[in-house]
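Understanding the architecture of this molecule
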Amino acid sequence: MARRSRSADIVVIGAGSATTSLVNALDGTPSVVVFEPSLVGGDCPYDACIPSKALLHDGALGRAWSTASSRRRALIDHRDDTRHAESLLDAGDVELVRERAAFAGPGRVVSESLTVEADHIVVATGATAVVPDLDGLDDLADPVWTDRVWTSADALRAAEAPERLLIAGGGVVGCEFARLFASFGTEVVLLEPNEHLVETSHPDVIAAVEQTVRDTGTDLELGTRPVAVSPHGTGVALSTDDRREFRADRLLLAVGRRPQLDDLHLEHVGLDPESPLPVDDSGRVRCEGSVWAIGDVVGRSQYTHAANHHGRVVADHLTGSGTRRFDDVVDAACMFTLPPMMTVGPSHAETVDDGDVVWVAVGVADSSARAATDEQDGALALAASRSTGRLVAAHGIGPSFDELVHAIIVAIDGEVPVARLVRSMYPFPTMGDVFASALSKLLSELPDASSSA
Ligand SMILES: Cc1cc2nc3c(=O)[nH]c(=O)nc-3n(C[C@H](O)[C@H](O)[C@H](O)COP(=O)(O)OP(=O)(O)OC[C@H]3O[C@@H](n4cnc5c(N)ncnc54)[C@H](O)[C@@H]3O)c2cc1C
């Protein structure tokens, strides 16, 4: 096929959440070429956030896997991306090329059928599941592992919930999938090499998260590192560093997601293809030409809301004021355990030695009537700056904390003093009582707190 050539103001490689956000936030004037060989919309709608949250919902309601699976398929439009593609094209002067792309030089990108010369190139290629270094698992694509070793995307598409599931890795994906499969009756063993889950969090929150995971019936094996895997019957046998062997129908790999940089030919813009992209807080990649990066490929906060934020920041640099930064809003995330966990701002571990930062924690059951009515527990830890009297971080797990998180984000981004927050009226009985209780405790630790409101 003869390769066509064209020029454009902006080329974007990959069409996931970050790209949708970027293209919508451009002022509509630049010409944009977007390359995407797979589904427009990327992971979130088809293989990650949406299907996982739908299955978590159905599991909590006690629905059967087959019912939940058909609702999942309908919710992801049976993997038809027409809606996402049309919305991308409607956003401005956009050409969508359904092919994989790579750098051919500074300002030049090629795919099978097209060469584009562009002023700016945005890398938005997402992330891919890390395959851990396990003896016996040389190549995940080997047919022997099909239907034995899963990535999260495989697990979400499973024809049925396994009787017994091993999960390697106790991060967000590992903890959410433990809850998900346990709710469909699967016997789950979660193996985490660290001594604790969410280990950079406040100690009270760590304890509450571990209790939450165990409450689902999950066998939580902390300080346990898988070292080898072999086929066993139609399932797997997994050996660990403490010389134990676990057997199950499936092994889910949940040990992290690495930036997707394969085959981008980054050497053509002076970068080492084996190293992370050198991205600054405006999204600019330090290399030859005007190259930017957004979303999971940046390798920082790998969440859809972060990808969307990156898209808006880079759009601001390409067609706006050029003042926005990745870190001009507080970082926040949720983990959809039951009850959910939320984190806002820096971790306890990052700030515990900072003399300006003070942390307090309260138990959910101790500080909320709603916890008693709903038979719930958890913990909320808040941190404030002694010098400014403002909130700087919050980590917690408790009922509806995936919604309480917004009040905390607004309080931190709005720089509202703790002394002012304690004067607000929080509806009863809600998790506002927990927030109010933690705020009062925090205020008592702050110098001259009452005068700073
Ligand atoms: C199981 C799971 C559950 C999750 N749940 C949540 C959640 O509840 N909330 C949340 O905020 N986040 C969640 N996430 C994270 C979220 O899915 C990602 O942060 C988000 O999808 C990242 O978007 P992106 O645009 O950076 O990348 P992607 O959506 O991965 O898009 C990248 C696109 O680039 C394309 N591409 C790659 N290489 C090339 C190339 N060479 N040429 C052209 N195109 C290319 C890919 O095909 C892909 O479509 C979850 C993740 C997982 C795995």
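The geometry of helix α3 (residues 49-60) relative to helix α7 (residues 172-183) is characterised by a closest axis approach of 8 Å and an angle of 40° between their N-to-C directions. Here α7 runs oblique to α3, going by the angle between their axes. The way α3 lies across α7 gives a crossing that is left-handed. For the pair α3 and α7, contact is made by Ser 52, Leu 55, Leu 56, Gly 59 and Ala 60 and by Glu 176, Arg 179, Leu 180 and Ser 183, respectively. In terms of residue class, the contact of α3 with α7 is built from 4 nonpolar, 3 polar and 2 charged.

Next up on the list: the site of the ligand. Every one of the 35 residues lining the ligand counts as a neighbour, but Gly 14, Gly 16, Gly 42, Gly 126 and Gly 295 are closest to it. Residue composition of the shell around the ligand, grouped by class: 14 nonpolar, 15 polar and 6 charged.

It is worth spelling out α3 at this point. Taking 1.5 Å of rise per residue, the 12 residues of α3 would be expected to cover 16 Å, and the 16 Å separating its terminal C-alpha atoms lies within 8% of that figure. By the burial criterion, the buried members of α3 are Pro 51, Ser 52, Leu 55, Leu 56, Asp 58 and Gly 59. Around the axis of α3, the buried residues are gathered within 165° of arc, so they sit on the same side.

Further remarks concern the pairing of strand β19 (residues 332-335). Summarising the sheet, β19 and strand β20 (residues 341-344) pair through 4 bridges and their orientation is antiparallel. Across the sheet, the residue bridging to Ala 332 is Val 344, located in β20. Hairpin connection, β19 to β20: the antiparallel pair is bridged by 5 residues.

One way to put it is that α3 packs onto helix α4 (residues 65-75) with a least axis distance of 9 Å and a crossing angle of 150°. Both α3 and α4 take part in a crossing whose hand is right-handed. Where α3 approaches α4, its residues Ile 50, Pro 51, Ala 54, Leu 55, Asp 58 and Gly 59 are matched on the opposing element by Thr 67, Ala 68, Arg 71, Arg 72 and Leu 75. Class assignment for the residues of the contact of α3 with α4 results in 6 nonpolar, 2 polar and 3 charged.

What the domain assignment reports for the chain is domain 1 (4-41 + 81-128 + 258-319), domain 2 (131-255) and domain 3 (332-452). Taken together, the 13 residues of domain 2 in the interface contact 18 residues of domain 3. Listed by contribution, the elements that provide at least two residues to the side of domain 2 that touches domain 3 are α7 and α8 (203-215). It is α8 that contributes the most residues to the side of domain 2 that touches domain 3, 6 residues altogether. When its residues are assigned to classes, the side of domain 2 that touches domain 3 shows 6 nonpolar, 4 polar and 3 charged.

Reading the values: rules and limits
- Residues numbered from 1 in each chain as written.
- Predicted model: local features only at pLDDT ≥ 70, side-chain atom pairs only at ≥ 80, totals over all residues.
- Axes fitted to C-alpha atoms, helices over the stretch in contact; angles between N-to-C directions.
- Helix = DSSP H or I, 4+ residues; strand = E, 2+ residues; numbered from the N terminus.
- Parallel < 35°, antiparallel > 145°, perpendicular 65-115°, else oblique.
- Left-handed = near helix turned anticlockwise from the far one by under 90°.
- Contact = placed C-beta atoms within 7 Å.
- Nonpolar A, V, L, I, M, F, W, Y, C, P; charged D, E, K, R; others polar.
- Near = placed C-beta within 6 Å.
- Expected span 1.5 Å × (residues − 1).
- Buried ≥ 20, exposed ≤ 12 C-beta atoms within 10 Å, placed from the backbone.
- Arc of directions from axis to C-beta.
- Pairing = 2+ DSSP bridges.
- Domains from an automatic or database assignment.

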